Amino acid sequence: MELTGAQALLKCLEKEGVKTIFGFPGGAVIDIYDELPNFPVEHILVRHEQGAIHAADGYARATGDVGVCLLTSGPGATNAVTGIATAYMDSIPVVIFTGQVPTPLIGNDAFQEVDIVGITRPCTKHNYLVKDVKDLARVVKQAFYLARSGRPGPVLVDLPKDVLQAKCDFDYPRNVRLRSYNPNLKPHVGQTRKVAKLLRDAKRPLIYSGGGVISARAHRELVWLARRLNVPVTSTLMGLGAFPGDDDLWLGMLGMHGTYAANMAVNNCDLLLAIGARFDDRVTGKVNTFAPKATIVHVDIDPTSIQKNVAVHVPLVADCKSALAALKEELEPDLDVPAWQAKHADWVGQVRSWASEHPLTYNASTTGAIKPQYVVEKIYEITKGDAIIATEVGQNQMWAAQFYRFKSPNTFLSSGGLGTMGYGFPAAMGAQKAFPDKLVIDIAGDGSIQMCIQEMATVVCNNLPVKIVILNNGYLGMVRQWQELFYGKNYCQTCMDAQPDFVKLAEAYGAEGYRITDSKDVESVLREAFASPKPVIVDVRVEREENVYPMVPAGASLAEMLLV
Ligand SMILES: Cc1ncc(C[n+]2csc(CCOP(=O)(O)OP(=O)(O)O)c2C)c(N)n1
């Protein structure tokens, strides 16, 4: 069957089972748009390319599947770079198709030409420039395979206009063979035994789980291991939801804004089992004081992430699901559950007493102002932990991570590695597209929300009833917090003096807007807003100078936490 490049691309998407793509047209990709109505792929027209890539990323995080976006050349492609880097830092599978000027013009500074392959080389798992239509189907097949296999990540495919117009016989390959790319899924037997032995011998073990557990869908195996062996669990921001936030063994997040119990547990454990986590500096603080008494085991699918930030005693290179399954197989035959429970009882008791000495808390309002933490607690209560929560970046993100108890994987969408303001709302839009009947909420700051606010038009026009709750403190709060604590309260350029009226803004887009200025209205207004079938902005005027605690100052050791 002879197809044009544009037709072939859409056929490939159909073959990959792609139902939805997020995109924005332009001259370089107009041939694809011309064919779009003839293929069973739904296209969501965003209002800015950053919205498209974050939406594809949110779709991927919520479904565990690959997210797809389609953008034009030049500015269309460069507008997406922040989102590509966001997905890359958090190992999220997305495939990005960009248009390119015709091949004979490449390198001529042609209109809307940019070397997007060069620009994105450091922030994609892999990228391609397709120079011949005969390569297109194979490249697309590889792109999807690379995005979702091994350590997932974004893959970009650049498509010159003449390639999209050229014709060739279409044949979608069944398999992918890439000789140099063989992600190691199965763990080494000897190493697995070593880890099992370490677990048997440990008196004060701690599991530190990360986003890799979620992308490998290994949450059940994680829960099995922790509960059977009676091992407390902490996680990174990216790992939230893999272990139930209401479990007795759950310590909350570790690191800079982690709980006292989690950070004390890291300081005192004798075995740290890191699973699908990468020892980010926001987690470790001062590296040479991290987990000082522990033997460190690192389970990760990416061998290059092992020994990168922290000296690891025992590496286990494998997909987290296979690794945990292999550990289970190793431990189960002679597993005496009551004995394990008893063995770690003192340690678990110690960890729990840390948690009750310094639980996550905040000072009640003295001025009558609304506490942002209280708003997040109410969101949790109302939704019973059953919503998909996206966040922006800053204090809002940390309060969401601390005070919402995530119960299941793929329900927390947040830019962990890059910390991208503007991420949450379009990501929520992508998740809402994947799950139209779920309650999807973006917990936002008044600064961040303005970075991709234009997607209000997209959600309204596509009936995506995303709820945005702005914890509006009139500041770039997290930066203001650093200025307060470490820069002598020099609030330089962090006060957001001129803000839009967010209620009117919502209405201007055809959505609903609510404002809350009194604590006693928080619950009733949130309930009303969440019950609405429309997209909603709730502007909550919170205590302006509230801080996120606990806090480990940047570069300090986890033991040097500032408490409330
Ligand atoms: C695109 C981008 N620019 C700048 C920053 C640096 N930054 C981190 S947090 C923050 C403040 C965010 O303010 P706001 O969205 O109002 O949230 P709050 O901290 O008040 O909850 C800034 C500017 C960033 N993370 N991302």
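This text follows the structure it describes.
Since this is a predicted model, take the numbers as computed values, not measurements.

Asker: Please clarify how the nonpolar core should be interpreted in this entry.
Answerer: Buried together is how nonpolar side chains tend to be arranged in soluble globular proteins. Ranked by size, the top nonpolar core spans 74 residues in total, and within it V375 and I379 carry the most contacts. In terms of residues, this core owes the most to one element, helix α11 (residues 219-229), which gives six residues. Sequence-distant contacts of I379, that is, excluding residues within four places in its chain, are made with I389, Y404, I441, I443, V469, L526 and F530.

Asker: What am I meant to see in unusual backbone geometry here?
Answerer: Glycine aside, residues mostly have negative phi, and peptide bonds are mostly found in the trans state. At the junction of Y549 and P550, the peptide bond is cis and its omega measures out at -5 degrees in the coordinates. Position of P550 relative to the elements: it lies in the segment after β20 (536-541). For N230, which is not glycine, the phi dihedral falls at a positive 60 degrees. For N230, a relative accessible area of 8% puts it in the buried group. At Q307, a residue that is not glycine, the phi angle is positive and equals roughly 70 degrees. Overall, Q307 belongs to the partly exposed group, its relative accessible area being 42%.

Asker: Can you help me understand the environment of N288 in this one?
Answerer: Tracing the backbone shows N288 in the loop between α13 (281-284) and β13 (295-300). You can call N288 exposed: its relative accessible area is 67%. In this structure the C-alpha to C-alpha distance between N288 and A529, which are 241 residues apart in sequence, comes to 47 Å.

Asker: I would appreciate a short explanation of a nonpolar patch on the surface in the present structure.
Answerer: Together, Y88, M89 and L418 line one region of the surface with nonpolar side chains, adding up to about 230 Å² of accessible area. Tracing the backbone shows Y88 in helix α5 (residues 81-89).

Asker: Is there a simple way to explain helix α23 (residues 522-531) in this structure?
Answerer: Buried within α23 we find V522, V525, L526, A529 and F530. Each buried residue of α23 sits inside an arc of 130 degrees when the element is viewed along its axis, so together they form one side.

Asker: What is the right way to read the environment of P173 from this model?
Answerer: You can see P173 is positioned in the loop between β8 (167-169) and α9 (189-201). Through-space distance from the C-alpha of P173 to that of K141 is 7.0 Å; in sequence the pair is 32 residues apart. Every residue in contact with P173, bar those within four places of it in the chain, is listed here: A137, R138 and K141.

Asker: How do you make sense of the packing of helix α17 (residues 372-383) against helix α18 (residues 395-403) when you look at a structure like this?
Answerer: For any two helices packed against each other, one specifies the crossing angle of their axes together with the interaxial distance. The contact between α17 and α18 brings their axes to 9 Å, and the two run at 50 degrees. Here α17 lies oblique to α18, going by the angle between them. Relative to α18, α17 is oriented so that their crossing is right-handed. Along its contact with α17, which presents P372, Q373, V376, E377 and Y380, the element α18 presents W399, A400 and F403. Its residues assigned to classes, the contact of α17 with α18 shows six nonpolar, one polar and one charged.

Asker: Even after reading the chapter, I still don't get the sheet that holds strand β16 (residues 412-413), so can you show me in this structure?
Answerer: Adjacent strands of a sheet pair through backbone hydrogen bonds, lying either parallel or antiparallel. The six strands are arranged β16-β15-β17-β18-β20-β19 in an open sheet whose pairing can be described as parallel. Whereas interior strands pair on both sides, the edge strands pair on one side only; in this sheet they are β16 and β19 (512-516). Across two bridges, the pairing between strand β15 (residues 388-391) and β16 is parallel. Pairing of A390 across the sheet is with L413, part of β16. Strands β15, β16, β17 (440-445) and β18 (467-472) of the sheet are contacted by helix α19 (residues 424-434), whose axis makes an angle of about 180 degrees with β17.

Asker: Would you take a moment to explain the site of the ligand for this structure?
Answerer: Within the structure, the ligand sits among 17 residues, and Q395, G419, G447, S448 and G477 are positioned closest to it. G419 places a main-chain nitrogen or oxygen 2.8 Å from a nitrogen atom of the ligand. Taking N473, its side chain carries an N or O atom lying 3.0 Å from an oxygen atom of the ligand. Contact with the protein chains removes 76% of the 590 Å² of surface that the ligand exposes when unbound.

Asker: Mind showing me how you'd approach the state of the cysteines here?
Answerer: Put plainly, a disulfide is one covalent bond tying together the sulfur atoms of two cysteines. By the definition in use, this model includes zero disulfides. C69 carries a free sulfur, and the closest cysteine sulfur to it, the one in C123, is 12 Å from it. On the basis of relative accessibility, which here comes to 0%, the residue C69 falls in the buried class.

Asker: What is the right way to read the pairing of strand β4 (residues 67-71) from this model?
Answerer: The side chains of a regular strand alternate between both faces of the sheet. With respect to burial, β4 is a largely interior element, five of its five residues being buried. One ladder, built from two bridges, connects strand β2 (residues 20-23) with β4; its direction is parallel. Residue pairing in the sheet places F22 in a bridge with C69 of β4. Both β4 and strand β5 (residues 94-100) contribute to a ladder of five bridges, which runs parallel. Bridge pairing in β5 links G67 to V94.

Asker: It is not clear to me how the packing of aromatic side chains should be interpreted in this structure. Could you clarify?
Answerer: The geometry of two aromatic rings is summed up by the distance between their centres and the angle between their planes. On inspection of all chains with the given rule, the structure shows 14 aromatic pairs. Through successive ring pairs, a cluster of aromatic residues spans Y380, Y404, F406 and F412. The ring of Y475 is capped by R480, whose NZ or CZ atom sits 5.5 Å from the centre of that ring.

The rules behind the values
- Residues numbered from 1 in each chain as written.
- Predicted model: local features only at pLDDT ≥ 70, side-chain atom pairs only at ≥ 80, totals over all residues.
- Heavy atoms only, no water.
- Core = buried A, V, L, I, M, F, W, Y, C linked by side-chain atoms within 4.5 Å.
- Buried < 20%, exposed > 50% of the residue type's maximum accessible area, 1.4 Å probe, protein only.
- Helix = DSSP H or I, 4+ residues; strand = E, 2+ residues; numbered from the N terminus.
- Contact = heavy atoms within 4.5 Å.
- Patch = residues over 30% accessible without salt bridge, like charges linked within 9 Å, V, L, I, M, F, W, Y side chains within 5 Å.
- Areas by Shrake-Rupley, 256 points an atom, 1.4 Å probe, with all protein chains shown as cover.
- Salt bridge = Lys/Arg side-chain N within 4 Å of Asp/Glu carboxyl O.
- Arc of directions from axis to C-beta.
- Axes fitted to C-alpha atoms, helices over the stretch in contact; angles between N-to-C directions.
- Parallel < 35°, antiparallel > 145°, perpendicular 65-115°, else oblique.
- Left-handed = near helix turned anticlockwise from the far one by under 90°.
- Nonpolar A, V, L, I, M, F, W, Y, C, P; charged D, E, K, R; others polar.
- Pairing = 2+ DSSP bridges.
- Near = heavy atom within 4 Å.
- Polar contact = N/O pair within 3.5 Å; in protein donor to acceptor, adjacent residues only side chain to side chain.
- Disulfide = S-S within 2.5 Å.
- Phe/Tyr/Trp six-rings, centres within 6.5 Å; stacked < 30°, edge-to-face > 60°.
- Lys NZ or Arg CZ within 6 Å of the ring centre and 35° of its normal.

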